[in-house]
Each structure stands twice: as C-alpha cells, then as structure tokens.
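The chain contents come next:
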Amino acid sequence: MSRTDRPSGPAGPVPYEWREDVPVENTLRLPARAGRELVMLDTAPSVFSDPEVGQWLADPAVQVIGGGSNLVFVAPVVGRAVRVAASRSWMTAKAVSAVKVVVEAGKGLDELVRETAVEGWYGLEALAEIPGTVGAAPVQNVGAYGTEIGERVVWVEAYDRLEGRLRRLSAEECAFGYRSSRFKRETGRWLITRVALSLSRERPDGWPPATYPGVADALADWAARNGREPESITPLEYAEIITRIRRRKLPDWRRGWPGSVGSFFQNPVVSVQRAAELRRRWPAMPQFELCGGDGVKLSAGWLIEQAGWKGQREGNVGVSPEHALVLLHHGGASGEEFWSLARRVRDAVAATFGVTLQAEPRIIGVDATE
Ligand SMILES: Cc1cc2nc3c(=O)[nH]c(=O)nc-3n(C[C@H](O)[C@H](O)[C@H](O)COP(=O)(O)OP(=O)(O)OC[C@H]3O[C@@H](n4cnc5c(N)ncnc54)[C@H](O)[C@@H]3O)c2cc1C
C-alpha cells in the first residue's frame, strides 16, 4: 500500500493493450474464451478520452470481466470483453482514527483485505478469503459474516458507458443493498475503475464481530488457546480465523477441483404474509425478518436441502455435500450441463415450496430466467 496521496509512478509503459482469442479464467472452471479483450493497465482519467477505448466501451455487447469468480459461462465464447488489470492502491488521508485508501479495480479483494489487516486497520477483515477483484466487489456489494463492502465505500469511480464519461459516485449513489447495487441492476452500464474505502485505525464499537455462531465459537477457542481477551484480537488475526472457517466449508477457488462460484442462489425474500403461510406448512423453515419489516428472507440452502438436492452428483456436476447453496463442477462439463443442473435445482425448490430462486452470479450466454 503506497503512502502517497496519489498512485506512485505510472502504471506501466502503456495504458492498455488488446488481446486476441484468450481464455477467460473462471473459478467454476468452465471452458470460456474471449475473441478480443481490452485490458486496462491504467485507470487515469486521460485513458478514457482515447477514442479507441471510448468506442470499445460504448458497445453494449462488450462484457466486463473481473476475476471470473461470479461468472457462469453457459456459452463458451464471449465475443468482446474488457478487464481492468491495474491494481495499485494508495492512502489518501490519515486521521487519528481513520484512513482512506483508494484502490484500482484490478486488485484482488483478498489481497487488499490482508494488506489493510497487516497495517492494523479495521473494516475489511470479515471479507478475507472472498475471491475476485476490488472492482467487482461493489457490483454485488460482496459481504460475509455481517460485513458488506458498501459499508466501507466512500466513493466508486466508474466509466459510464451510456454517457461516455468517467464519474465518481458516492456510496449513497451506488444504492447498495443485500448482494445488490446500482451497478448490478444497471447491467452493462458501468466499468468500475477505482474504489475509495474508509477504514478505522481504532478498535470499533462491538469489536470483534461475533454474531455468527461459527465465528463466536472460533473466537472463544482462539482466546482460550492464546490466553487473551477476544477484544484484543487484531484485524489480521481475525482475518485468519475467517480464512480457516471458509477453507473448511468452501471449495478452494485458487486452484484445483471442484470448480464453483460460491453461493449459486440468492436467499429469496418473500412477503411477511407468504412467510407465515410457509411457516405453517414447514414449521422448521428458517426465516429472517428484514430491517424495516418489508419482507422475510428465507435460506436458499435449507430449501435446496429439503428439496433433496444437497450432496447430489449427476455426471460432472453436483451440489456440495457440505453446503447446499454451492453447485460444483467436478471437471469435464460443458456450460450447458452445469446450467441444466442449476435449473433442475431451482425447479425442484419451486415445485416443493412455490418459491423461485434467483441465480447470484452473472449467467453468460443464456437468459437466466429461462
Ligand atoms: C469459493 C467462492 C466463495 C465466494 N464467497 C462469497 C462471499 O462470501 N460473499 C460474496 O458476496 N461473494 C462471494 N463469492 C462471489 C464472488 O467472489 C464475488 O461476486 C466477487 O465480487 C466477484 O469478483 P470477480 O472479480 O471474480 O468478478 P467476475 O466474476 O469477473 O464478475 C462478476 C460481475 O461483476 C462485473 N464486474 C467485474 N469487474 C467489474 C468492474 N471493474 N466494473 C464493473 N463491473 C464489473 C461482471 O461484469 C459481472 O457482472 C464467492 C465466490 C467463490 C468462487
């Protein structure tokens, strides 16, 4: 993390480059190639006034690709693509209690979490071990263990492909919600280039966060083993606890098999009345009231398990035995084979409970509502 108030030095000898017929890496490990890809090696505003860049970004068929951890390639070829590879980060303001960091979109989110935790800054530690880039994180407002990236965002700088200009959006303008944001709703409009985050240099109220049972147990265990009070845990130590919990539950996204995109379906939200009907029929169904009382969140994992799909394997694809929300690619499947499994899981839940699950990742090559 550079301690200057702007990127230290130029990003590289050229601000962008073109690549032809390149494989698109994705954690599901489905076959995918891009016919032509624009790779942004710098995010300086001047790069976006280059007519060649402007023309490419104006084309709505050009797909924005990040680290590929939330993409499902039902069709194996993306014609045209753009990716921000620039990955510098720097600190722009430092007060006694807070620090502001600016990060280019191509930096790995997990790398940023670890770098800031090493500095002793509080705020991102619960997001440890989430794959993907910083640029994609605001898109679905990535979150885990009670923290969402949107809570830390000061602004997001993004190229508005509709208006053909770079814009800086405040956290409010990003309209973050549960696994959603303006960027996710306005598909194809934005290319996020930089994100500014505010982190705390002082232990925040309620530290350490322990509302999730697995985390509370791990913290108690950590405190007992180290002979320390849970409050004394550092952001880095907390990030390591989260990392261990996640590695036990989720497939390794860095390498090997099976491939996955993490949770495949969003937890559905139903009306209070519908939730009551469902509860009468299935008294054990977990339900979580949303703030403001405008709906009830159901557990997609529970619905899938009850519909009989947890741990099922069909050919090269299946549903994780540990985590019913995670669909797996064991190797050798086509995008269509994987998508057919996802549809059958979704249809089984709809037939059992009358609740339609929505896919969380971006589905490429087919209408996700089909
Ligand atoms: C094992 C595993 C665990 C996971 N756990 C979690 C979790 O706990 N919480 C969570 O929220 N998510 C989780 N995910 C999902 C995933 O990590 C996030 O969605 C992540 O933000 C995707 O980042 P990416 O760079 O890989 O984006 P990609 O998969 O490449 O793209 C995802 C979406 O973001 C868009 N996008 C990418 N970069 C940009 C950009 N610069 N500007 C504009 N749009 C862009 C793409 O067009 C696409 O719509 C998990 C995934 C895996 C594989």
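Look above for the structure.
Summarised in this report is the structure supplied together with it. Within any chain, residue numbers begin from 1 and follow the written order of that chain's sequence. In keeping with the model being predicted, local features are shown solely for residues with a pLDDT of at least 70 and side-chain atom pairs are shown and tallied solely at 80 or more, while totals for entire chains, interfaces and linings include all residues. Side-chain numbers come from the whole structure's heavy atoms, not from hydrogens or water.

1. Points about the sheet that holds strand S10 (residues 153-160)
Then step 1. Pairing between two strands requires that DSSP report at least two bridges joining them. A helix here means a DSSP run of H or I that spans at least four residues, while a strand means a run of E at least two residues long, and both kinds are numbered starting from the N terminus. With respect to topology, five strands assemble into an open sheet ordered S6-S7-S12-S10-S11, the strand pairing being antiparallel. With one partner strand each, in any of the chains shown, strand S6 (89-94) and strand S11 (165-170) form the two edges of the open sheet. Adjacent strand axes in the sheet meet at a mean angle of 20° when their direction is disregarded.
Then step 2. When strand S7 (residues 98-104) meets strand S12 (residues 190-200), the two strands line up antiparallel, connected through seven bridges. Among the inter-strand pairings, Ala98 is bridged to a residue of S12, identified as Ser200. Angular values range over 0 to 180 degrees, each being the angle between N-to-C directions of two axes fitted as lines to C-alpha atoms, with helices fitted over their stretch in contact.

2. Thoughts on the packing of aromatic side chains
Two descriptors summarise a pair of aromatic rings, namely the distance from one centre to the other and the angle between the planes of the rings.
Then step 1. To pair, rings of Phe, Tyr and Trp, with the six-membered ring standing in for Trp, must have centres within 6.5 Å; the planes then decide the type, stacked if under 30 degrees apart, edge-to-face if over 60, and tilted in the middle. Taken as a whole, this structure holds eleven aromatic pairs when the rule is applied.
Then step 2. When the centroid spacing of 6.3 Å and the interplanar angle of 85° are considered together, the rings of Tyr16 and Trp18 count as edge-to-face.
Then step 3. Burial status follows relative accessibility: with a 1.4 Å probe on protein chains alone, a residue under 20% of its type maximum counts as buried, one over 50% as exposed, and anything between as partly exposed. The exposure class of Trp18 is partly exposed, given its relative accessible area of 21%.
Then step 4. Relative to Phe353, the ring of Trp302 has its centre 5.9 Å away and its plane inclined at 45°; by these criteria the two rings are tilted. Linking Trp302 in helix H8 (residues 300-306) with Phe353 in helix H9 (residues 335-353), this pair joins segments that are 51 residues apart in sequence. Accessibility assignment for this pair places Trp302 and Phe353 in one class, buried.
Then step 5. Taken together, the ring pairs connect Tyr16, Trp18 and Trp56 into an aromatic cluster.
Then step 6. The cationic tip of Arg168 hangs over the ring face of Trp155; the distance from NZ or CZ to the ring centre is 3.7 Å. Here, a charge over a ring is recorded when the distance from Lys NZ or Arg CZ to the ring centre is within 6 Å and its angle to the ring normal is within 35 degrees.

3. Remarks on the site of the ligand
Then step 1. The nearness test applies per residue and asks whether one of its heavy atoms lies within 4 Å of the molecule or strand. What surrounds the ligand is a group of 32 residues, the closest being Val64, Gly67, Ser69, Asn70 and Thr133.
Then step 2. Here a polar contact means two N or O atoms within 3.5 Å. Within protein one must be a hydrogen donor candidate and the other an acceptor candidate, and residues neighboring in sequence count only if both atoms are side-chain atoms. The side chain of Arg179 places a nitrogen or oxygen atom 3.4 Å from an oxygen atom of the ligand.
Then step 3. Note that accessible areas follow from Shrake-Rupley with a 1.4 Å probe, and for residues the cover is restricted to the protein chains shown. For the ligand, the accessible surface in isolation is 990 Å², of which the surrounding protein chains cover 93%.
Then step 4. Of all the secondary structure elements, the ones that give two or more residues to the shell around the ligand are strand S8 (143-144) and S12.
Then step 5. No other element matches the three residues that S12 contributes to the shell around the ligand.
Then step 6. In this classification, Asp, Glu, Lys and Arg are treated as charged, Ala, Val, Leu, Ile, Met, Phe, Trp, Tyr, Cys and Pro as nonpolar, and every other residue, Gly included, as polar. Each residue belonging to the shell around the ligand can be placed in one class, and the counts come to 16 nonpolar, 13 polar and three charged.

4. Side note on the sheet that holds strand S15 (residues 296-298)
Whether parallel or antiparallel, the strands of a sheet pair through hydrogen bonds between backbone atoms.
Then step 1. Pairing is antiparallel across the open sheet formed by three strands, whose spatial order is S13-S15-S14. Two strands lie at the open edges of the sheet, namely strand S13 (269-270) and strand S14 (287-289), each paired on one side alone.
Then step 2. Sheet topology places S13 next to S15; two bridges connect them, and they run antiparallel. Bridging across to S15, Val269 finds its partner in Lys297.

5. Focus on the pattern of salt bridges
Then step 1. A pairing counts as a salt bridge when a side-chain nitrogen of Lys or Arg comes within 4 Å of a carboxyl oxygen of Asp or Glu. Within the structure shown, the criterion is met by 31 salt bridges.
Then step 2. A salt bridge links Glu129 to Arg114; its shortest N-O distance comes to 3.1 Å. Remark: Arg114 occurs in helix H2 (residues 109-118) and Glu129 occurs in the loop between H2 and S8; sequence separation between them is 15 residues.
Then step 3. Assessed through its relative accessible area of 5%, Glu129 is described here as buried.
Then step 4. Through salt bridges with shared partners, a single network forms among Asp160, Glu163, Arg165, Arg167, Arg182, Glu186 and Arg189.

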